[in-house]
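# Residue-level structural notes
In case you want the letters, here they are:
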Protein chains: 2
Amino acid sequence: MKVKEVAALSGVSVRTLHHYDELGLLKPAETTEAGYRVYSDENLAELQQILFYRALGFSLKQIKEILSNPSFNRLEALVSQRQMLHQKRSQLDDMIRTIEQTIKEGKGEVTMTREERFKGFDFSENPYELEARDQWGDGVVDETNKKLQQFGGEQQEKMNAIYRRLAEVRHLPANSEEAQKAIGEWYQFLNTIGTYSMEAFEGLGEMYVADERFTTNIDQFGQGLANFMRDAMKEYAQRNS
Amino acid sequence: MKVKEVAALSGVSVRTLHHYDELGLLKPAETTEAGYRVYSDENLAELQQILFYRALGFSLKQIKEILSNPSFNRLEALVSQRQMLHQKRSQLDDMIRTIEQTIKEGKGEVTMTREERFKGFDFSENPYELEARDQWGDGVVDETNKKLQQFGGEQQEKMNAIYRRLAEVRHLPANSEEAQKAIGEWYQFLNTIGTYSMEAFEGLGEMYVADERFTTNIDQFGQGLANFMRDAMKEYAQRNS
DNA sequence: GTAAAGGCTGACGTAACGTAAGAGTCAACT
DNA sequence: AGTTGACTCTTACGTTACGTCAGCCTTTAC
């Protein structure tokens, strides 16, 4: 196979293949007289390995070591890489917290009205709350919240039934058929009391974990349910947009 | 003030100041005949601004725009930046999940024994659990867990008292004096039943949020307590190492 | 035979500095 | 004045993983 074909198959660019060749990371099995690179099936497998480690955040240099040294301790590398990723995540969290704070301060009036609206609640501990509300407008949250609480009796029972069904499948992957079916019911239900775009639906899911009030209520049906629902809603939204 | 002084005050390198000068991001107020950069107090304030935005993950180019254009919509920039950070975090989470999975598979035997040890529990949903255990050896977790449950009556009551005290201050910042004092009691208590290095203490805190069993138990004393304890323990460990 | 499509090798650009290298400046001490 | 040590300056390459031309050759289809 020649470069373009490999590129198309693997999803990387031709330049990337050239680059990996230069680095000695992936040398084509053959080269024609004209200098064309010809890749073998084995080369393809190697490339997959490379892309796998690349997706884990390893540098090309590291990948080269890992793959060229069969005796290399991959497990150790994975563990330390995980450590690194975790540090990065911590840093990102710090940045997000700070940016939340800044946005909050800069909002002046808005913060005031929001505080009034939710007086009695203290969200200052949760930096993601503001974010989730912001991302798709908090009007939707408030509306939904209000409507949901307005409905008593029958609707309430129906809602609880869906929650229970969701709780049953919450240990399955969010992208499993069962999970998606159950979350689909949730979407349907919500749309009986309002209109939700996929985007709003996904945003609502974010709220479930971002806002303690939601989390607490939802998790009464099962530990971790809110989290599961967020994932499932995200998946659902992405499938149906 | 000359470069070195500014560097010392602000914590950046001399090279960085040179760099910012080149970019036109921070031009020193004066230059001596010999070409030495001389910074004013105002320059210092500018630098602080720069470092602030840098800490939020903005590129130098963006920072230049933000600071040079007084009419620039900073709020908008902050919001979109937050969005970006959030995406990055998602990507990192994906990577961590994948790496967890890989490590788990690669562990073969270890996974088996671990599964046996915790049969009945299903941790497959929580990719961070494995991680927290790994980072400082899961022997410590198991030991602590066992010992804590062995002690009944008096010790148990003492423990609960500390939990309650922690719950009371859980809305304060983790680095506040009250929080640190309370978490200090926790550290003392733990050391009456075992020996904990600061590192192990911090790791234990990670477990509190990583392992659902811990989170559930702890949060009975107050929503978000586990999370607060993790932060406080981290802070405590860093102060006392 | 010719043109389109694909391939190849340089080589510069990117972000934010780190790290010398070679050389001039300043203040203090002898 | 001379020297020395501490600073400072500019210049410029190294880093990461390719993207993006540019100029030129090969293969393939009509």
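On a predicted model such as this, the values are computed, not experimentally measured, just so you know.

### Considerations on helix H2 (residues 14-23) of chain B
Within an α-helix, residues lying three or four positions from one another point in the same direction, as the helix has 3.6 residues per turn. Residues and elements named next belong to chain B. Buried within H2 we find Thr16, Leu17, Tyr20 and Asp21. Across the axial projection of H2, the buried residues extend over an arc of 140°, all falling on one side. Buried residues in H2 make contact with helix H1 (3-10), strand E2 (37-38), helix H3 (41-55) and helix H4 (60-68). Once H2 ends, the next one or two residues include glycine 24, with phi positive near 80°.

### Focus: the pattern of salt bridges
Residues and elements named next belong to chain A. Tallied over the full model, the rule gives 16 salt bridges over all chains. The partner of aspartate 231 in a salt bridge is arginine 230, and the shortest N-O contact between them spans 3.3 Å. What emerges from the salt-bridge pattern is a single network uniting Asp21, Lys27 and Arg37.

### Things to note about the packing of helix H11 (residues 198-210) of chain A against helix H13 (residues 225-239) of chain A
Residues and elements named next belong to chain A. Viewed as axis vectors pointing N to C, H11 and H13 meet at an angle of 165°, and their least axial separation amounts to 8 Å. On the basis of their axis angle, the class for H11 and H13 is roughly antiparallel. Judged by the twist between their axes, the crossing of H11 over H13 is left-handed. Between H11 and H13, the residues in contact are Met198, Phe201, Glu202, Leu204, Gly205, Glu206, Tyr208 and Val209 and Ala226, Asn227, Met229, Arg230, Met233, Lys234, Tyr236, Ala237 and Gln238, respectively. Its residues assigned to classes, the contact of H11 with H13 shows 10 nonpolar, 3 polar and 4 charged.

### Side note on the protein's contact with DNA strand C
In the vicinity of DNA strand C there are 19 residues, among which A:His18, A:Tyr36, A:Arg37, B:Ser13 and B:Tyr20 approach most closely. In the model, a phosphate oxygen of DNA strand C is placed 2.8 Å from a nitrogen or oxygen of the A:Arg37 side chain. Separating a phosphate oxygen of DNA strand C from a side-chain N or O atom of B:Tyr20 is a distance of 2.7 Å. The set of elements that each furnish at least two residues to the surface near DNA strand C consists of helix H1 (3-10) and helix H2 (14-23) of chain A together with H2 and H4 of chain B.

### With respect to the nonpolar core
Ranked by size, the top nonpolar core spans 49 residues in total, and within it A:Leu17, A:Phe58, B:Leu17 and B:Phe58 carry the most contacts. Sequence-distant contacts of B:Phe58, defined by excluding residues within four places in its chain, comprise B:Tyr53, B:Ile63, B:Ile66, B:Ala77, B:Leu78 and B:Gln81.

### A few points about the environment of B:Met198
Residues and elements named next belong to chain B. Checked against the element boundaries, methionine 198 lands in helix H11 (residues 198-210). Overall, methionine 198 belongs to the buried group, its relative accessible area being 16%. Linking methionine 198 and lysine 234, residues 36 residues apart in sequence, is a C-alpha distance of 8.8 Å. If sequence neighbours within four positions are ignored, methionine 198 has contacts with Tyr187, Tyr236, Ala237, Asn240 and Ser241.

### So, the packing of aromatic side chains
Tallying each qualifying case throughout the model produces 12 aromatic pairs over all chains. Relative to B:Tyr53, the ring of B:Phe52 has its centre 5.4 Å away and its plane inclined at 75°; by these criteria the two rings are edge-to-face. Judged by its relative accessible area of 31%, B:Phe52 is partly exposed. Judged by its relative accessible area of 6%, B:Tyr53 falls in the buried class. Between B:Tyr163 and B:Trp186, the ring centres sit 5.2 Å apart and the planes meet at 35°, which makes this aromatic pair tilted. One end of the pair, B:Tyr163, is in helix H9 (residues 153-168); the other, B:Trp186, is in helix H10 (residues 177-193), with 23 residues separating them in the sequence. When its relative accessible area of 8% is taken as the criterion, B:Tyr163 is described as buried. An aromatic cluster is present here, built from A:Phe52, A:Tyr53 and A:Phe58 joined pairwise through their rings.

### Overview of the protein's contact with DNA strand D
Near DNA strand D you find 18 residues, and of these A:Ser13, A:Arg15, A:Tyr20, B:His18 and B:Arg37 are the closest. Per the 4 Å cut-off to the protein, sugar and phosphate atoms form 73% of the nearby atoms of DNA strand D. Measuring from a base oxygen of DNA strand D, one finds a side-chain N or O atom of A:Arg15 at 2.9 Å. At 3.3 Å from a sugar or linking oxygen of DNA strand D is found a side-chain nitrogen or oxygen belonging to A:Tyr36. Going through the elements one at a time, H2 of chain A together with H1 and H2 of chain B are the ones with two or more residues in the surface near DNA strand D. Tallying contributions element by element places H2(A) first for the surface near DNA strand D, with 4 residues. Residues belonging to the surface near DNA strand D are distributed by class as follows: 6 nonpolar, 6 polar and 6 charged.

Calculation criteria
Residues numbered from 1 in each chain as written. Chains lettered and ligands numbered in written order. Predicted model: local features only at pLDDT ≥ 70, side-chain atom pairs only at ≥ 80, totals over all residues. Heavy atoms only, no water. Buried < 20%, exposed > 50% of the residue type's maximum accessible area, 1.4 Å probe, protein only. Helix = DSSP H or I, 4+ residues; strand = E, 2+ residues; numbered from the N terminus. Arc of directions from axis to C-beta. Contact = heavy atoms within 4.5 Å. Salt bridge = Lys/Arg side-chain N within 4 Å of Asp/Glu carboxyl O. Axes fitted to C-alpha atoms, helices over the stretch in contact; angles between N-to-C directions. Parallel < 35°, antiparallel > 145°, perpendicular 65-115°, else oblique. Left-handed = near helix turned anticlockwise from the far one by under 90°. Nonpolar A, V, L, I, M, F, W, Y, C, P; charged D, E, K, R; others polar. Near = heavy atom within 4 Å. Polar contact = N/O pair within 3.5 Å; in protein donor to acceptor, adjacent residues only side chain to side chain. Core = buried A, V, L, I, M, F, W, Y, C linked by side-chain atoms within 4.5 Å. Phe/Tyr/Trp six-rings, centres within 6.5 Å; stacked < 30°, edge-to-face > 60°.

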